[in-house]
Amino acid sequence: MVKFLDGWVTNIVVLVIFISFLEIILPSSNMKRYINMIIGLLVIIVIINPFINLLTEDINIEREVFSNIFESGNVREDYEEDYSEVQKKQVIELYKDSLKKEIINLVKNKTKYNVGDISIEIIEDSDKDNFGEICSVSLIIYE
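In this report, the structure presented in the accompanying data block is examined. (Residues numbered from 1 in each chain as written. Predicted model: local features only at pLDDT ≥ 70, side-chain atom pairs only at ≥ 80, totals over all residues. Heavy atoms only, no water.)

1. Considering the overall build of the protein
Then, in step 1: Looking only at helices and strands, the protein has 3 helices and 2 strands in total.
Then, in step 2: Along its sequence from the N terminus, the protein presents helices and strands in the succession α-α-α-β-β.
Then, in step 3: A total of 143 residues make up the protein; the buried ones form 12% of that total.
Then, in step 4: Partitioning the intrachain contacts of the protein with sequence separation of at least 6 by distance along the chain shows that 47% fall at a separation of at least 24.
Then, in step 5: Just so you have it, the protein exposes about 12,100 Å², and 60% of that area is on carbon and sulfur atoms. (Helix = DSSP H or I, 4+ residues; strand = E, 2+ residues; numbered from the N terminus. Buried < 20%, exposed > 50% of the residue type's maximum accessible area, 1.4 Å probe, protein only. Contact = heavy atoms within 4.5 Å. Areas by Shrake-Rupley, 256 points an atom, 1.4 Å probe, with all protein chains shown as cover.)

Okay, here's the thing in structure tokens:
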């Protein structure tokens, strides 16, 4: 789009410079009226030419749509990898939180103590067979 506008503005500027140069060179006579009419036609042609090219150009809308869909699909694949990592982290945190709640409820129901703080360490490597196994639990309890 920028290239299109750049070319169009360049053509208009060149035409204005050409017209200015032509008016300086031409003497005032009866022919000047006809020359101004031809210059006016040139200005109209230069201004309208990009729109005519746009209408006569073989525009393949399907190709443009499918190329945009393909490009957005590639971007989506990149984001899916990031999303899967974020999702794994969220699942691990959710699992830890549910374990903490369950342990807090067990301590409250089975003993007379309350849990002040709890930290849980689990195996977070999803490639291992014992993924999610509890490694350690630390409790701070009070009466």
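Alright, that's what it looks like, and here's the rest.
2. Re the environment of Ile-140
Then, in step 1: Tracing the backbone shows Ile-140 in strand 2 (residues 134-142).
Then, in step 2: Take Ile-140: its relative accessible area is 52%, and that puts it in the exposed class.
Then, in step 3: Each residue touching Ile-140, except ones within four places of it in the same chain, is listed here: Asn-114, Val-115, Gly-116 and Asp-117.

3. What to know about the nonpolar core
Then, in step 1: Residues Ile-92, Leu-99, Ile-103, Val-107, Val-115, Ile-118, Ile-120 and Ile-122 constitute the largest nonpolar core, which totals 8 residues.
Then, in step 2: For this core, the elements supplying multiple residues, two or more each, are helix 3 (61-110) and strand 1 (114-122).
Then, in step 3: Those residues in contact with Ile-120 that sit more than four places away from it in its chain are Lys-96, Leu-99, Lys-100, Ile-103, Ile-134, Ser-136 and Val-137. (Core = buried A, V, L, I, M, F, W, Y, C linked by side-chain atoms within 4.5 Å.)

4. Quick notes on the pattern of salt bridges
If charged atoms from side chains of opposite charge come close, those side chains can pair.
Then, in step 1: Under the counting rule described, the total for this entry stands at 1 salt bridge.
Then, in step 2: As a salt-bridge pair, Glu-124 and Lys-96 come within 2.9 Å of each other at their nearest N and O atoms. Of this pair, Glu-124 sits in the loop between strand 1 and strand 2 while Lys-96 is found in helix 3, placing the two residues 28 residues apart along the sequence.
Then, in step 3: Judged by relative accessible area, which is 41%, Glu-124 ranks as partly exposed.
Then, in step 4: Taking relative accessible area as the criterion, Lys-96 reaches 14% and is therefore assigned buried. (Salt bridge = Lys/Arg side-chain N within 4 Å of Asp/Glu carboxyl O.)

Just geometry here; none of it tells us what the structure is for.
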